Amino acid sequence: MTHYSYSGNRAPWWVRLLTVMVGMVLLIGLFFFAIFAFIAVAILGASGMIFLWWQKRKMRKSTNQDIVVTQYREIHQNTSPFDREK
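Residues numbered from 1 in each chain as written. Predicted model: local features only at pLDDT ≥ 70, side-chain atom pairs only at ≥ 80, totals over all residues. Heavy atoms only, no water.

### As for the overall build of the chain
Put simply, the rule is: Helix numbers and strand numbers start at the N terminus; a helix is a DSSP run of H or I with at least 4 residues, a strand a run of E with at least 2. The protein chains shown are the only cover counted for residues, whose accessible areas, like all others here, come from Shrake-Rupley with a 1.4 Å probe.
For the chain, the helix and strand inventory stands at 1 helix and 0 strands. Of the roughly 9600 Å² of accessible surface on the chain, a fraction of 67% belongs to carbon and sulfur atoms.

### Notes on the UniProt feature "transmembrane region" (unreviewed entry) in the chain
Keep this limit in mind: UniProt positions are given in the numbering used here, feature names are shortened, and annotations may be inferred rather than shown by experiment.
Look at the UniProt record and you will see "transmembrane region" (unreviewed entry) annotated at residues 20-53. Summarising residues 20-53: 100% helix, 0% strand, and an end-to-end C-alpha distance of 49 Å.

### Some thoughts on a nonpolar patch on the surface
How we decide: Patch membership is restricted to residues that have no salt bridge and whose relative accessible area is over 30%. Joining uses 9 Å for like charges and 5 Å for the nonpolar side chains Val, Leu, Ile, Met, Phe, Trp and Tyr. Salt bridges, as used here, are contacts in which a Lys or Arg side-chain nitrogen is within 4 Å of a carboxyl oxygen on Asp or Glu. The rule is simple: take the accessible area with a 1.4 Å probe, protein chains only, and divide by the maximum for that residue type; under 20% is buried, over 50% is exposed, in between is partly exposed.
Among the surface-exposed residues, Trp 13, Trp 14, Leu 17, Leu 18, Met 21, Val 22 and Leu 26 lie close enough to one another that they form a single nonpolar patch of about 800 Å² accessible area. By the element assignment, Val 22 lies in helix α1 (residues 13-63). The class of Val 22 is partly exposed, set by a relative accessible area of 43%.

Listed below in structure tokens is the structure:
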């Protein structure tokens, strides 16, 4: 039985360990960022839905109120302000 081992250009053990540790930190950071982004989107979506519900409720309540009718008067000038002689 022949055993082959590769020993050419292999990094020291501490470089490989450091590479694995940095990779794990980046992976965990990615998961935390993804969770934070999901929570932020959920909060923004919920607040948007609450805002739309509130506006719909306000419009529905305003249609039940009486319409206010008042008198008005039109004011007409005989000549245009630009036609006046100086």
